Amino acid sequence: MQKQAIFQSKLLPYALVAPQLAIVLIFFYWPAAQAVIQSFLLQDAFGLSTSFVWFENYLELFKDPAYFAAIIRTFAFSFAIAVSSLSFALLLAVMADRPLRGSTLYRTLLIWPYAVAPPVVGVLWVFMLHPSLGVLSRYLRAMGVDWNPLLDGDQAAALIILAAAWKQISYNFLFFLAGLQSIPKSVIEAAAIDGARPMRRFRTVIFPLLSPTIFFLLVINIVYAFFDTFGIIDTMTRGGPGKATETLVYKVYTDGLLGGNLGSSAAQSVILMVIVVVLTGIQFRFVERKVTY
Amino acid sequence: MVEEEGFQRYLAHAILWIGIAIVAFPVYLAIVASTQDNAVIANGQMSLLPGGHFLETYYQTLFVGTSGSTREPVLNMMLNSLVMALLIAVGKIAISIISAYAIVYFRFPFRMAIFWIIFITLMLPVEVRIYPTYKIVADLHLLDSYAGLSLPLIASATATLLFRQFFMTVPDELLEASRIDGAGPFRFFWDTLLPLSRTNMAALFVILFILGWNQYLWPLLITTRDDMQTIQVGIRKMITTTDALTEWPVVMATALLAMLPPVFVVVVMQKLFVRGLVETEK
């Protein structure tokens, strides 16, 4: 698609794209290219000489059980965060979609957590469930749970998942509500006239019509869990205890901070780039086709 | 109208209120904690009702900071965050709208190549290029500066796409009319296109401001001086690993101050926020 009415100028359009192009080339492509090049190089222990090693850095990574564990952990976290947040948000959206009194108030009261930054989410949750002073920890201990996420890796993981899912409820709720409101009322009424009770209407009519939204949100939630949980993890557990809450992004960060292996750190970045490309690709394919149902 | 039984309606209200309670509880706790005495909190004896230290805590937080690790007033951190968020939001909108204008209203060699170069940055979030970008910013001597905080985040494929899409829907007659009036590319942009884009810009601004204010990883890496840190970074430094030293009322007050501006924007400009959110994701 192109405009018919246009301006004639040789230099002006270049001047107009120049600022964005400059930033993109200096701060996006140049570092990305650096990461790719670096990932094929190996530096000796003193940083004196570098040699081209093909895919050795990548092979080393995949042979490293710690990296493999981080991959599995990141996918498990993403799945848990997406499923818990999506199902809770869907329940709320279905309730809010009814013609209730105060429905705009409900919406306002449910969407604000979108604006809370991940590190703040981490701080709020770590305080609430802190082993020695957390308010909820008292009740957990009273119920006989030996609650100590500072020592117990599984509990720390659960804490991260809960906090991350909490933040994402508002986003999912908004998109589910929009999806539900776009379903024609006549379809639902037709099902009701045919004698379908609410639960059955939801299962056989609403849920299938909502499938494009669900799929879209699934991808968005996975991207969120991969990248935006960094701030939550950094304030809550810093990847610990042990490495129980270290995701791929967090690992790139800590490995880089320690400063050791540049090639390995670069290879990790490149693997993350590939993951983003795949996820964005899926997302755009979906936007084009709108998923058939 | 589909039947709506009384019981079901009550159930819907109840579930929504439970949802709101779950969403709000951690924040309620923060409000309560920020008004209580640190010694009581540290003992695990925190009450679920507000205490009497409100003024004291917020005065200390805003103007003094914690007495331990970072003695930096939170007000200063908030100013840093504000400058960064505004630079990111305004910068992204400004450079995106003029690139979109060039791509839609001009024909020039490499037009589509440039479009794709901008578009592909969608797949290069800061998380995947952390250290190489850090090195470039360090080489340019931009560490601990507002330019370093904002410039590497300022390109925006989504904003460019959005403006491009919007410009495509602007009728050609408008351009022809203003050309008859003798307007050149600058006049047309300023007098016609910009006023038409106002709502789009506002919706985009709301989203970008929130994203900018909430940046964490990047400021964490490139700010070393206490007086340059943003509030999101400052709050993490307040939680010391030796728990005994963490001043929880101040930490909670800082958490609340950190969420105040973006939450305010979402609640007050809800229509624009929802619009911006839906449009930027497509």
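What counts, and where the lines are drawn
- Residues numbered from 1 in each chain as written.
- Chains lettered and ligands numbered in written order.
- Predicted model: local features only at pLDDT ≥ 70, side-chain atom pairs only at ≥ 80, totals over all residues.
- Helix = DSSP H or I, 4+ residues; strand = E, 2+ residues; numbered from the N terminus.
- Rg over C-alpha atoms; globule rule 2.2 N^0.38 Å.
- Buried ≥ 20, exposed ≤ 12 C-beta atoms within 10 Å, placed from the backbone.
- Contact = placed C-beta atoms within 7 Å.
- UniProt positions renumbered as here; feature names shortened; annotations may be inferred.
- Nonpolar A, V, L, I, M, F, W, Y, C, P; charged D, E, K, R; others polar.
- Expected span 1.5 Å × (residues − 1).
- Bend = angle between axes of the 7 residues up to and from the residue.
- pLDDT = per-residue confidence, 0-100.
- Axes fitted to C-alpha atoms, helices over the stretch in contact; angles between N-to-C directions.
- Parallel < 35°, antiparallel > 145°, perpendicular 65-115°, else oblique.
- Left-handed = near helix turned anticlockwise from the far one by under 90°.
- Core = buried A, V, L, I, M, F, W, Y, C linked by C-beta atoms within 7 Å.

**Student:** How do you make sense of the overall build of chain B when you look at a structure like this?
**Tutor:** Counting secondary structure elements, chain B contains 15 helices and zero strands. Here the C-alpha radius of gyration of chain B, 24 Å, is well above what a compact globule of 282 residues would show, namely 19 Å. Based on the C-alpha atoms only, the size of chain B along its principal axes is roughly 75 × 65 × 35 Å. A buried classification covers 45% of the 282 residues belonging to chain B. The long-range fraction of contacts in chain B, counting pairs at least 24 apart against all pairs at least 6 apart in sequence, stands at 71%.

**Student:** What's the story with the overall build of chain A in this structure? I'm lost.
**Tutor:** Within chain A one finds 13 helices and two strands. For chain A, the C-alpha radius of gyration of 24 Å lies well beyond 19 Å, the compact-globule estimate for 293 residues. Structurally, chain A occupies a C-alpha span of about 75 × 75 × 30 Å along its principal axes. Every one of the 293 residues in chain A was classed for burial, and the buried ones make up 41%. In chain A, once contacts between residues fewer than 6 apart in sequence are set aside, the share between residues at least 24 apart is 70%.

**Student:** Can you walk me through the UniProt feature "transmembrane region" (unreviewed entry) in chain B in this structure?
**Tutor:** All names here are of chain B. Mapped onto this structure's residue numbering, the UniProt feature "transmembrane region" (unreviewed entry) falls at residues 12–31, 82–106, 113–134, 146–167 and 248–269. End-to-end, the C-alpha atoms of residues 146–167 are 32 Å apart, and along that stretch the chain is 73% helix and 0% strand. From the first C-alpha to the last, residues 248–269 spans 31 Å; its make-up is 95% helix and 0% strand.

**Student:** What am I meant to see in the interface of chain B and chain A here?
**Tutor:** How big an interface is tends to be stated in terms of accessible area lost as the parts join. Every contact between the two is made by 82 residues of chain B and, on the other side, 78 residues of chain A. For the side of chain B that touches chain A, the element with the highest residue contribution is helix H1 (residues 6–33) of chain B, accounting for 14 residues. For the side of chain B that touches chain A, a count of residues per class yields 61 nonpolar, eleven polar and ten charged.

**Student:** Looking at this structure, I do not really get helix H1 (residues 12–38) of chain A. What am I missing?
**Tutor:** Two residues of an α-helix separated by three or four positions point the same way, owing to the 3.6 residues in each turn. Residue and element names in this part refer to chain A. With 27 residues, H1 should reach 39 Å at 1.5 Å per residue; the first-to-last C-alpha distance of 37 Å fits that figure. The sharpest bend along H1 comes to roughly 45°, located at Ala 18, with the proline Pro 19 sitting one to four residues further on. Every buried residue of H1 is accounted for by Pro 13, Leu 16, Val 17, Gln 20, Ile 23, Val 24, Phe 27, Phe 28, Pro 31, Ala 32, Ala 35 and Gln 38.

**Student:** What am I meant to see in the confidence of the model for chain B here?
**Tutor:** When pLDDT is low, close inspection of the predicted coordinates is not appropriate. All names here are of chain B. Here chain B shows a mean pLDDT of 87. Residues at 70 or above account for 95%. Ranking the elements of chain B by mean pLDDT puts helix H2 (residues 38–42) last, at 77, and helix H4 (residues 74–105) first, at 93. With a pTM of 0.90, the predicted complex shows an ipTM of 0.89.

**Student:** Where do I start with the packing of helix H7 (residues 153–181) of chain A against helix H10 (residues 211–228) of chain A in this structure?
**Tutor:** A pair of packed helices is captured by two measures, namely the crossing angle of their axes and the spacing between those axes. All names here are of chain A. As a packed pair, H7 and H10 sit with axes 11 Å apart at the nearest point and diverge in direction by 155°. With respect to H10, the axis of H7 lies roughly antiparallel. Crossing of H7 over H10 shows right-handed handedness. Residues Ala 164, Gln 168, Asn 172, Phe 175, Phe 176 and Gly 179 of H7 touch H10, and the partners they reach there are Thr 213, Leu 217, Asn 221, Tyr 224 and Ala 225. Within the contact of H7 with H10, the residues separate by chemical class into six nonpolar, five polar and no charged.

**Student:** It is not clear to me how the nonpolar core should be interpreted in this structure. Could you clarify?
**Tutor:** Considering soluble globular proteins, one finds that nonpolar side chains tend to be buried as a cluster. Counting 157 residues, the largest nonpolar core has Val 120, Ile 160 and Phe 173 of chain A together with Ala 255 of chain B as its most contacted members. Ranked by the residues each element gives to this core, the list is headed by H4 of chain B, at 17 residues. Excluding anything up to four places from it in sequence, Val 120 of chain A contacts Ile 235, Ala 255, Ala 258 and Met 259 of chain B.

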